[in-house]
Amino acid sequence: MKTKFIFITGGVLSSLGKGLAAASIGALLQTRGLSVTIQKLDPYINVDPGTMNPFQHGEVYVTEDGAETDLDLGHYERYLGIHMSQSNNYTSGRIYETVINKERRGDYLGGTVQVIPHITDEIKRSVLSVAKNDEDVALIEIGGTVGDIEGLPFLEAIRQLKNDLGKENVLYIHLTLVPYMRAAGELKTKPTQHSVKELRSIGIQPDIILCRSEVPLPADLRAKIALFCDVDRDAVFSAVDVKSIYEVPLEFYREGVDQKIAILLKLPAKNAELDAWKELNRRMENPKGRVKVGIVGKYVDLKEAYKSLHEALVHAGVANEVALDLEYVNSEEVTAKNVEKRMKGLDAILVPGGFGSRGIEGKILAIKHARENKVPFFGICLGMQCAVIEYARNVLGLEKANSQEFDEFTPDPVIYLMTEWYDFRKKRVEKRNEASNKGGTMRLGSYPCKVVKDTNAMLAYDEARIEERHRHRYEFNKKYAEPLQSAGLVLSGLSPDEELVEMVELPGHPWFLGCQFHPEFKSGPMHPHPLFREFIRAAVEFKKAR
Ligand code: GLN
């Protein structure tokens, strides 16, 4: 195996941006002509984050192959432009599940199954499996903070890998915090020293230390950290807070992080080619205007729950050279009385995906407002389902129209669970779930879609066939296709067999589009998603005309 492995651990506290640091390093190495792959190891016991509350854990990121993964994989895809899959994210739960299944099958021939070597061997196998294409570099991010009990088997496994792979093929990067004590006007290195001490006590000597700090680290502090932590002086880097997350690769480049990595790992790297990243940052810093987008949803308190959505909007802003003011509106607070007021001043309205009936009526009111006032509207997954319900109720006159998710016994299930009278979808989903070792009947991962001619969808994609990622149980009920179409709704995206409705839109409205899939998962700063791009373009036009 020619792949060199870089392990990234975190110290002092969580939320230091380890995922972004890993993604940024990966992106920088790519600009030097190296092929890169990347993986996240999560020490928690959940088998995958699919069942985790987005409030607590942030968004569930869905890959092409239908894996429900940690949101850091979203950063990886956005920064590196490569597709992640099931093998790019392992949790303790998944590792243990594999080992326990092997034990039940008798694979261990009656031996005592232990953390070392059985769990650690399984971790090592998972780590090595990520470099499928013999990439030049594999970046492995260990979730959590050094010192967590759950993280120990992972740290032990990556410690062993240095011996297994040879020390010239392995590099350890430790990300820590150097807090700034405002009262004393001083940066403090003690937490970093402690965290590195903890790491060394389990046998890992970091090669590079990345220090998150509010202000750049002066040379004497770098020297001090180098001395106490036993690393090269030029291997202590300052990772200062930046305005935009897309500045991090440039910031690391200015610090010389990639240079040091290339030297330490003896990588055949050419000079970094940073024009695209520079151009991206130039555009972000020099917007030609601003538009205000209202996001009407449930998890409004926590941007992490809508991470990819937020980023896709940022990319679309960059593509249109405008800055975005994102206003998160809690749909539970939207009522018939206040909807005018709550939607006032918005240049566009977006209803994102979600589960459960909380706040649904508020979303439907916001959609009605967008439809009637010709405000650009984008409905994603649940947002499209709500748009269909709104149209069925208020235009078609089916007052009780609903999704079976919110009213099991609705007389007009315009959105329904495809089970009794149409089990082909179920079969397809089950087949896929089996393949990716999943329970449930969620439609997950990438599915093809035909784009209908002469629609806004076609204007955006300019392609007759696309592939987008799904994560939902309910579907548009084809029984209502005809009445809804007669009432003016256009079905602008269909599965190849035309049995599933994937996009709907309204003619005579500048931009009103709903999609059953999650386009936000495929947007990147270098490749903004066409639907988001066109949605924001419509917002710019709307603002101009207002
Ligand atoms: N709750 C809806 C469903 O399961 C929508 C899911 C979503 O928005 N991701 O179909």
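Here's a quick rundown of the structure.

Conventions adopted
- Residues numbered from 1 in each chain as written.
- Predicted model: local features only at pLDDT ≥ 70, side-chain atom pairs only at ≥ 80, totals over all residues.
- Heavy atoms only, no water.
- Helix = DSSP H or I, 4+ residues; strand = E, 2+ residues; numbered from the N terminus.
- Near = heavy atom within 4 Å.
- Polar contact = N/O pair within 3.5 Å; in protein donor to acceptor, adjacent residues only side chain to side chain.
- Areas by Shrake-Rupley, 256 points an atom, 1.4 Å probe, with all protein chains shown as cover.
- Pairing = 2+ DSSP bridges.
- Contact = heavy atoms within 4.5 Å.
- Axes fitted to C-alpha atoms, helices over the stretch in contact; angles between N-to-C directions.
- Parallel < 35°, antiparallel > 145°, perpendicular 65-115°, else oblique.
- Nonpolar A, V, L, I, M, F, W, Y, C, P; charged D, E, K, R; others polar.

1. Focus: unusual backbone geometry
A cis amide bond, omega 10 degrees, links Ile116 with the succeeding residue Pro117. Within the secondary structure, Pro117 sits in helix H5 (residues 115-129). At Asp230, a residue that is not glycine, the phi angle is positive and equals roughly 60 degrees. Among the secondary structure elements, Asp230 is positioned in the loop between helix H8 (219-229) and strand E11 (236-240).

2. Some thoughts on the site of the ligand
Around the ligand lies a shell formed by Gly353, Gly354, Phe355, Cys381, Leu382, Gln385, Glu405, Arg471, His472, Arg473, Tyr474 and His518. Gly354 has a polar backbone atom sitting 2.9 Å from an oxygen atom of the ligand. Protein coverage of the free-state accessible area of the ligand, which is 300 Å², stands at 99%. Within the residue set of the shell around the ligand, elements represented by two or more residues are helix H15 (382-394) and strand E19 (465-472).

3. What to know about the sheet that holds strand E20 (residues 475-476)
Sheet architecture is open: 3 strands sit in the order E16-E17-E20, paired in mixed fashion. Two strands in the sheet have a free side with no partner beyond their single neighbour: strand E16 (402-403) and E20. Across 2 bridges, the pairing between strand E17 (residues 413-416) and E20 is antiparallel. Looking at E20, one finds that Tyr416 is bridged to Glu475. Running at roughly 170 degrees to E17, H15 makes contact with E16, E17 and E20 of the sheet.

4. A short note on the packing of helix H11 (residues 275-285) against helix H12 (residues 307-319)
Angle between the axes and distance between the axes are the two parameters that describe a pair of packed helices. Put simply, H11 and H12 touch, their axes get as near as 9 Å, and they point 85 degrees apart. In terms of orientation, H11 and H12 fall into the roughly perpendicular class. Along its contact with H11, which presents Leu280, Arg283 and Met284, the element H12 presents Val314, Val318 and Ala319. Classifying every residue of the contact of H11 with H12 by side-chain character gives 5 nonpolar, no polar and 1 charged.

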